[in-house]
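# Summary of structural features
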Amino acid sequence: MNKRFLFVCLGNICRSPAAHGIMDKMVAEKGLDADVVIDSAGTYGGHAGELPDPRMRAAASKRRYDLRHRSRQFRAPDFDDFDLIVVMDDSNYDRVCRLAPDRESLDRVVRMTDYCTRFTVDHVPDPYYDGERGFEHVLDILEDAVANLIDKEVER
Ligand code: 4NP
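Attention here is on the structure that accompanies the text. None of these values were measured; they are calculated from a predicted model. (Residues numbered from 1 in each chain as written. Predicted model: local features only at pLDDT ≥ 70, side-chain atom pairs only at ≥ 80, totals over all residues. Heavy atoms only, no water.)

### Describing the side chain of serine 16
Looking at where serine 16 falls in the secondary structure, it is placed in helix α1 (residues 15-29). One polar contact links serine 16 to asparagine 12, side chain to side chain, over a distance of 2.9 Å. Among the polar contacts listed, one links the side chain of serine 16 to the backbone oxygen of alanine 41, at a separation of 3.4 Å. Setting aside its immediate chain neighbours within four residues, serine 16 contacts Phe7, Val8, Cys9, Ser40, Ala41 and Met88. (Helix = DSSP H or I, 4+ residues; strand = E, 2+ residues; numbered from the N terminus. Polar contact = N/O pair within 3.5 Å; in protein donor to acceptor, adjacent residues only side chain to side chain. Contact = heavy atoms within 4.5 Å.)

### Focus: the sheet that holds strand β1 (residues 3-9)
Read from one edge of the open sheet, four strands run β2-β1-β3-β4, paired in parallel fashion. Looking along the sheet, the strands with just one partner apiece sit at the ends: β2 (36-42) and β4 (109-111). Here the average twist between neighbouring strands, direction ignored, is 25°. Pairing geometry for β1 and β2, over seven bridges, is parallel. Bridging from a neighbouring strand, phenylalanine 5 pairs with isoleucine 38 of β2. Here α1 sits on the sheet and contacts β1 and β2; the angle it forms with β2, its principal contact strand, is near 170°. Each of β1 and β3 (84-87) is contacted by helix α6 (residues 132-153), which is oriented at about 150° to β1, the strand it contacts most. (Pairing = 2+ DSSP bridges. Axes fitted to C-alpha atoms, helices over the stretch in contact; angles between N-to-C directions.)

### A few points about helix α2 (residues 54-62)
Of the residues making up α2, those classed as buried are Met56, Ala59 and Ala60. For α2, the angular spread of buried residues about the axis comes to 95°, placing them on one side. In α2, the exposed residues that point more than 90 degrees away from the buried face are Pro54 and Lys62. Taken together, the buried residues of α2 touch α1 and α6. The opening residue of α2, the one whose side-chain oxygen lies 2.8 Å from the backbone nitrogen of arginine 55, is aspartate 53. Phi turns positive, to about 70°, at arginine 64, one or two residues after α2. (Buried < 20%, exposed > 50% of the residue type's maximum accessible area, 1.4 Å probe, protein only. Arc of directions from axis to C-beta.)

Put into structure tokens, the structure is as follows:
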């Protein structure tokens, strides 16, 4: 059976669509695309319908990630549609958990940085108000985390 992953950040135009694009490429390279469903969403709906931030698309494109996701807001039915909800920071965690219908759903909300092995960080920093280096740093953290997420949650 497919395992379904939903990445969540605030605006769904920087961090979570990047995680989404990185995972798309990594599972394709491993021939695991048929085993997973991947999507992303934001706790804030103000960017709904937009492509990822041009700064994130440019940084991701240099690493051969093609980010085409259109932003959408996280909603309670996502708990039914996804097995694992992977958040970027504590604020995302709190907002997503507030919409959880039951205890079992809460247990399926996890932090992206819990999968990091090369970085000792407890959240993926919001790059929206940062310069170019912020976007590169986010991609470095996400590449580390997504590789280990695939290892632990898909290939296991
Ligand atoms: P993201 O970044 O949560 O990584 O997509 C942000 C995008 C938009 C805003 C904040 C963070 N914003 O305030 O509109």
